Amino acid sequence: MDFKDYYKILAVEPTADDKAIKTAYRKLARKYHPDVSKEAGAEDKFKEASEAYEVLSSPEKRAEYDDIRKYGQQGRPFQPPPGWQGRGGAGGFGGGDTGDFSDFFSSIFGGRAQQGGRSHNPGRRGQDVEMELAIFLEETLSAESKQVSFKVPQHNAAGQRVADVTKTLNVKIPAGVADGERIRLKGQGAPGVAGGENGDLYLIIRFAPHPKFDVEGNDLIITVPLAPWEVALGTKVAIPTLTSKINLTIRPDSQNGQRLRIKGNGLLNKQGQRGDLLAQIKVVLPPSNDATKELWKALADKAAFDPRAQWSN
Amino acid sequence: MTTVVVELDMKQFCQASDMPAAYVIEIVEHGILDPQGHKPEEWLFDDHALITARRAARLQRELALEWQGVALALDLLDELDQVRAENRMLRQRLGRFLVG
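Quantities reported herein were computed from a predicted structural model and do not represent experimental measurements. (Residues numbered from 1 in each chain as written. Chains lettered and ligands numbered in written order. Predicted model: local features only at pLDDT ≥ 70, side-chain atom pairs only at ≥ 80, totals over all residues.)

All right, on to the overall build of chain A then. The secondary structure content of chain A amounts to 7 helices and 11 strands. Within the span of chain A, comprising 313 residues, buried residues form 24% of the whole. By sequence separation, contacts in chain A at least 24 residues apart represent 57% of the contacts at least 6 residues apart. (Helix = DSSP H or I, 4+ residues; strand = E, 2+ residues; numbered from the N terminus. Buried ≥ 20, exposed ≤ 12 C-beta atoms within 10 Å, placed from the backbone. Contact = placed C-beta atoms within 7 Å.)

Take a look at the structure:
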């Protein structure tokens, strides 16, 4: 077990007063709160800061910790001094859920079983588990069975956290799911403690980026590369859809960036209706050679076109 | 295995969220949750409300915020999520027009 330097974690001097400690903690808590921060490892940093604050904000615990700190050093495995008895436990844990604090904390201030952590009393409901589930756009058109593996936190009868268990389920994803939608699977979260009800599993649907299609609400957008003459003269193009192909007519004198609507080839919604596929024109220039350069020159002379006419007034 | 759409009444909601009724009423009064029904006895919550309530309780407890602050933080976080999603989508679309 490693020694934890709570002063270092909060980035304060060991002589810091309560006010400085509180300010330092609040700053870190806001920065790393898992509901606020998207940063990797934010949750661990938040827990570390909470643990540090739990100790340093209580005069008794801080005094105990300062004693211990003389024995421990960062980077060296920590052993409580011989004859040390964790004195904490009985009361003094106002409000906070200390359930996830480190072994180092428990070795000084006692195990969670005596702490009366808020959500781990006997007969408590198990934790809910949340996980993101990536699905392909093609899979949203019909109900799909997907195999889902996830880690479930476990607690023993005394309410102590033990190693996570990996669970695998076959989940039916309904047709017409939306990006960000949550699917609740009742009772598939962490088992209840001492007879409590099981927690739930929440799957958060995330659309995997598609090589061809972009999503805009229920509509899909596909970018259609066209040669300048195809845009000028019109053409017919086979456009891929999510399920097959469809022929699209490009009218003469179309413009770059223009969108053409192909009804009913978008995503499915909950009411069973499909959005549209929007084909967006992207003009692509061919690599040129001497012969085509001559033709461009001839076109430039004939067209007498100023694309920046609007800049001149 | 089937998926479920849930509606929870006040009692079920308190149980599932592990919160006392008074607490839930306070959260609703601050507009953080918007259940169907007019009185607490008639309230019906969806499962998204469960997640919001838990987030609200965590923010209130762990950042020592007032409920007003929690409500504001949740609104802004939701908006941030939407803006991030939109930004991700627009970047992806823009990428198709930029030359590698």
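Additional details are given in the paragraphs that follow.
Next up on the list: the packing of helix 3 (residues 47–62) of chain B against helix 4 (residues 67–95) of chain B. All names here are of chain B. The N-to-C vectors of helix 3 and helix 4 enclose an angle of 125°; their axes lie 10 Å apart at closest approach. Classed by the angle they form, the pair helix 3 and helix 4 counts as oblique. Classified by chirality, the crossing of helix 4 by helix 3 is right-handed. Counting all contacts with helix 3, which are made through Thr 52, Arg 55, Ala 56, Leu 59 and Gln 60, the residues of helix 4 involved are Trp 67, Val 70, Ala 73 and Leu 74. Among the residues forming the contact of helix 3 with helix 4, the class breakdown is 6 nonpolar, 2 polar and 1 charged. (Axes fitted to C-alpha atoms, helices over the stretch in contact; angles between N-to-C directions. Parallel < 35°, antiparallel > 145°, perpendicular 65-115°, else oblique. Left-handed = near helix turned anticlockwise from the far one by under 90°. Nonpolar A, V, L, I, M, F, W, Y, C, P; charged D, E, K, R; others polar.)

What follows covers the interface of chain A and chain B. The interface is formed by 26 residues belonging to chain A together with 21 residues belonging to chain B. At the level of secondary structure, the elements contributing two or more residues to the side of chain A that touches chain B comprise helix 2 (18–32), strand 3 (161–173), strand 4 (182–185), strand 6 (213–216) and strand 7 (219–226) of chain A. For the side of chain A that touches chain B, the class distribution of residues is 10 nonpolar, 7 polar and 9 charged.

Moving on, we come to the environment of A:Ala232. All names here are of chain A. Mapped onto the fold, Ala 232 is located in helix 6 (residues 228–233). Remark: the alpha-carbon pair of Ala 232 and Ser 254, spanning 22 residues in sequence, is separated by 6.3 Å. Not counting the four nearest positions on each side in its chain, Ala 232 is found in contact with Pro 252 and Asp 253.

Here we take up the confidence of the model for chain A. Low pLDDT marks regions whose predicted coordinates should not be analysed in detail. All names here are of chain A. With 86% of its residues at a pLDDT of at least 70, chain A reaches an overall mean of 85. Ranking the helices and strands of chain A by mean pLDDT puts strand 8 (residues 235–240) first, with 97, and helix 5 (residues 103–109) last, with 80. In this model, residues 88–98 is a region of pLDDT below 50 whose contacts with residues beyond four sequence positions or in other chains number 23 contacts. Taken together, the stretch residues 112–121 has pLDDT below 50 and engages in 30 contacts with residues farther than four places along the chain or on a different chain. (pLDDT = per-residue confidence, 0-100.)

Moving on to the sheet that holds strand 6 of chain A. Consider a sheet: its strands pair through backbone hydrogen bonds, and that pairing is either parallel or antiparallel. All names here are of chain A. Read across the open sheet, the 4 strands follow the order 6-7-11-10; overall the sheet is mixed. Each edge of the sheet is formed by a strand with only one pairing partner; in this case those strands are strand 6 and strand 10 (259–262). Neighbour to neighbour, the strand axes of the sheet diverge by 30° on average, direction disregarded. Alignment of strand 6 against strand 7, held across 4 bridges, turns out to be antiparallel. Bridge pairing in strand 7 links Phe 213 to Ile 222. (Pairing = 2+ DSSP bridges.)

Quick look at helix 3 of chain B now. The α-helix winds at 3.6 residues per turn, so residues separated by three or four positions along the chain end up facing the same way. All names here are of chain B. Under the 1.5 Å per step criterion, the end-to-end length of helix 3 is 23 Å for 16 residues, consistent within 8% with the ideal 22 Å. Along helix 3, the residues classified as buried are Asp 47, Ala 49, Leu 50, Ala 53, Ala 56 and Leu 59. Following helix 3 by one or two positions, Ala 64 has its phi on the positive side, about 50°. (Expected span 1.5 Å × (residues − 1).)

Turning to the sheet that holds strand 1 (residues 129–135) of chain A, a few remarks are in order. Residues and elements named next belong to chain A. Spatial strand order, 1-5-4: 3 strands in an open sheet with mixed pairing. Sheet topology places strand 1 and strand 4 at the edges, where each strand pairs with a single neighbour. In this sheet, neighbouring strand axes are inclined to one another by 25° on average, regardless of whether the strands run parallel or antiparallel. As paired elements, strand 1 and strand 5 (residues 201–207) share 7 bridges and run parallel to each other. Bridging from a neighbouring strand, Leu 133 pairs with Ile 205 of strand 5.

One finds A:Tyr6, A:Leu10, A:Tyr25, A:Ala49, A:Ala52 and A:Leu56 to be the most contacted residues of the largest nonpolar core, which totals 20 residues. Of all the elements in the fold, those that place two or more residues in this core are helix 1 (6–10), helix 2, helix 3 (42–56) and helix 5 of chain A. Considering each element in turn, this core owes the most residues, 6 residues, to helix 3 of chain A. Setting aside chain neighbours within four positions, we find A:Leu10 in contact with A:Ile21, A:Ala24, A:Tyr25, A:Leu28, A:Ala49, A:Ala52, A:Tyr53 and A:Leu56. The next biggest cluster of nonpolar side chains, apart from the first, holds 16 residues, and it includes B:Phe45, B:Ala49, B:Ala56 and B:Val70. (Core = buried A, V, L, I, M, F, W, Y, C linked by C-beta atoms within 7 Å.)

Now for the pairing of strand 11 (residues 277–283) of chain A. Residue and element names in this part refer to chain A. Relative to strand 11, strand 7 runs parallel, the two sharing 7 bridges. Each bridged residue has a counterpart across the sheet, and for Thr 223 the counterpart in strand 11 is Gln 280. Of the strand pairs in this sheet, strand 10 and strand 11 are connected by 4 bridges, and their pairing is antiparallel. Bridge pairing in strand 11 links Arg 259 to Gln 280.

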